[in-house]
Each structure stands twice: as structure tokens, then as C-alpha cells.
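# Chains, contacts and geometry: an overview
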Amino acid sequence: MTVRPRLGICVSGRGSNMQALLRAAQRGELLADPVVVFSNHLDAPALERARAAGVAVEALESRGYASRADYDAAVVQCLQPYDCDIIALAGYMRIVTPTFLNAWPGRVLNIHPSLLPAFPGLHAVEQAWSYGVRVSGCTVHFVDAEVDHGPIIVQRAVSVLPDDTVDRLAARILEQEHDAFVEAVNLVAAGRVRLEGRRVLIEPE
Ligand code: GAR
């Protein structure tokens, strides 16, 4: 029998990407089992949604830690009992340190609302819209030590429409994020991705 990978999901806010992963799991369409949702904010709306879906939740505020690495060590310790195989950063608005990454080497995924390497960092949709790009989108990538930088697993393009606003564009990108994240988690969970340099090669099913 194949052992299903255990998925930990890290969130900071509303958690629509988390919810997309949880719903896919409920529908039997996720090849990993969500076992815990973690937040750096005790009052993140995502936590309530996770509880309602029957998933364990954990939260730790980052205030009071001497360094990012100290905080990440506490996060790793908090998640350790859940024995996660894959970690999905689903709107987790913190830069993670090697202390975090070394706990799940090559198994931390992030979603970002732009076609990386364009527009990394905060307010990506607004950055792209103000720049005047005709096409934007979203990216799911492995996380490395640099912000929004690691090898790309899945991207989805979204056209910018003549009468778009940042909010309308963000909403269409978010729809694509939800599908793209499920697809990327499934590729990793199924062991279908292989790295060649920073290129992600996808094995056929
Ligand atoms: C998503 O658009 C995600 O791509 C973005 O935050 C939003 C979280 O929404 N993440 C980043 O910008 C990371 N650099 P959600 O809480 O509804 O999933």
C-alpha cells in the first residue's frame, strides 16, 4: 500500500488557498492528507475555516523571539508532532529561514500571485497592474533561501483586461491560484517532480 504524504499548511490571513487544498482533500482529489494548519497570527480567519473542516490548527505569534531563526525553530518544534512530508505556504506572509527549510528539505512549496520572476515580494498583483503588463498570473514554486525565488512547479497565466482594476485582476488570479496549488501539491505528493538545476521536470503519470 502506498503511504499518503502528510501535508502541513501555513497561513497568515483569510486562507482561500488553504481552503482550496482542504476542499480538494474532502473531494478525494488531493494526493496528500492535510494534517495541520499553522498560522503566525492567532486570529487569522483561516484558522476558523480549518477548524470547521476538522483539521488540527496551531498558531504562534512571532513577537518576542530574538530572531527569525529563533521563531522558525519554535514553528518547527510546534509542527514536529504532525510529521509532515510536505509544507504548503498558502498566503504565509513571512520570509522563512534555513531553520524552517532544513526541517523539510526540498518539500516546502509557496504560492505567489505573479508570473515569477516578475514581481516578487508584497503586493504582487498591484505591482504587475501598475507596471502595465498585459499578462500576469500565479506561480507555485519550491521555497529556497531567497524570497519568491525557488524552482517553479506550476504557473498559470491570466490576461489583464482593458477595464481591469487591481481587485478584479487579483480575483481572477486567485481563482487560478486555487487550481494551480492543488495541481502542484499533487505533482509533489505523487513523486512526479525531479530537479535539473533549477528546472522542475515533471514525470508523466
Ligand atoms: C494569495 O494571493 C497568495 O498568492 C499571496 O497571498 C494571498 C493569500 O490569499 N501570497 C503572497 O503574496 C506570498 N508572496 P489567501 O489567504 O486567500 O490564500
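Since the model is a prediction, treat every value here as computed from it, not as a measurement. (Residues numbered from 1 in each chain as written. Predicted model: local features only at pLDDT ≥ 70, side-chain atom pairs only at ≥ 80, totals over all residues. Heavy atoms only, no water.)

## Here's the deal with the layout of surface pockets
Quantified by volume, the largest pocket comes out at close to 950 Å³. Forming the boundary of the largest pocket are 39 residues, of which Gly-91, Met-93, Ile-111, His-112 and Pro-113 lie nearest the centre. Where the lining of the largest pocket is concerned, the elements lending two or more residues are α1 (16–26), β5 (108–112), α5 (124–131) and α6 (166–189). Looking at which element gives the most residues to the lining of the largest pocket, the answer is α6, with six residues. Of the residues belonging to the lining of the largest pocket, the class tally is 19 nonpolar, eleven polar and nine charged. (1 Å grid on protein atoms, 1.4 Å probe; cavity = no way out; pocket = protein on both sides within 12 Å on 5 of 7 lines; lining within 4 Å. Points joined across faces, edges and corners; volume = space filled by probe spheres on them. Helix = DSSP H or I, 4+ residues; strand = E, 2+ residues; numbered from the N terminus. Nonpolar A, V, L, I, M, F, W, Y, C, P; charged D, E, K, R; others polar.)

## Comments concerning the pattern of salt bridges
What the rule picks out here adds up to nine salt bridges. A salt bridge links Asp-33 to Arg-4; the shortest N-O distance between them is 2.8 Å. Of this pair, Asp-33 sits in strand β2 (residues 33–39) while Arg-4 sits in the segment before β1 (6–11), and the two are 29 residues apart along the sequence. Since its relative accessible area comes to 37%, Arg-4 is described here as partly exposed. The salt bridge involving Glu-48 is made with Arg-51; its shortest N-O contact spans 2.8 Å. Here the residue Glu-48 and the residue Arg-51 both occupy positions in helix α2 (residues 45–52), the gap between them amounting to three residues, near one helical turn. The structure contains a network of salt bridges with shared partners spanning Arg-156, Asp-179 and Glu-183. (Salt bridge = Lys/Arg side-chain N within 4 Å of Asp/Glu carboxyl O. Buried < 20%, exposed > 50% of the residue type's maximum accessible area, 1.4 Å probe, protein only.)

## Focus: the nonpolar core
Core analysis: the biggest nonpolar cluster contains 42 residues, and Ile-9, Leu-109, Ile-153 and Phe-181 have the highest contact counts within it. Ranked by size, the runner-up nonpolar core spans 20 residues in total, among them Leu-79, Cys-84, Ile-87 and Tyr-92. (Core = buried A, V, L, I, M, F, W, Y, C linked by side-chain atoms within 4.5 Å.)

## Focus on the site of the ligand
Every residue lining the ligand is accounted for by Arg-14, Gly-15, Ser-16, Asn-17, Gly-91, Met-93, Ile-111, His-112, Pro-113, Asp-148, Leu-174 and Glu-177. Contact distances for the ligand include 2.5 Å between an oxygen atom and a side-chain N or O atom of Arg-14. Here Gly-15 contributes a backbone N or O atom positioned 2.8 Å from an oxygen atom of the ligand. At a threshold of 2 Å from the grid points, most atoms of the ligand map onto the largest pocket. Where the shell around the ligand is concerned, the elements lending two or more residues are α1, β5 and α6. Residues that form the shell around the ligand fall into these classes: four nonpolar, five polar and three charged. (Near = heavy atom within 4 Å. Polar contact = N/O pair within 3.5 Å; in protein donor to acceptor, adjacent residues only side chain to side chain. Sits in = over half its atoms within 2 Å of the grid points.)

## Points about the side chain of Thr-139
One can find Thr-139 in strand β6 (residues 135–142). Given a relative accessible area of 0%, Thr-139 falls into the buried group. Within the local environment of Thr-139, its side chain forms a polar contact with the backbone oxygen of Ser-114, the two atoms lying 2.6 Å apart. There is a polar contact of 2.9 Å between the side chain of Thr-139 and the side chain of Gln-155. Leave out the neighbours within four places in its chain, and Thr-139 touches Asn-110, Ile-111, His-112, Ser-114, Leu-115, Leu-116, Ile-152, Val-154 and Gln-155. (Contact = heavy atoms within 4.5 Å.)

## Description of the packing of aromatic side chains
Scanning all chains against the criterion turns up five aromatic pairs. Considering the side-chain rings of Phe-38 and Tyr-92, the 6.3 Å spacing of their centres and the 65 degrees angle between planes classify their relative orientation as edge-to-face. One end of the pair, Phe-38, is in strand β2; the other, Tyr-92, is in the loop between β4 (86–89) and α4 (98–101), and 54 residues separate them in sequence. Pairing Phe-119 with Tyr-131 gives two aromatic rings, centres 5.6 Å apart and planes at 65 degrees, and the pair type is edge-to-face. Taken together, the residues span a long stretch of sequence, with Phe-119 in the loop between β5 and α5 and Tyr-131 in helix α5 at a distance of twelve residues. Chaining the aromatic ring pairs together yields one cluster made of Phe-38, Tyr-92, Phe-100 and Trp-104. (Phe/Tyr/Trp six-rings, centres within 6.5 Å; stacked < 30°, edge-to-face > 60°.)

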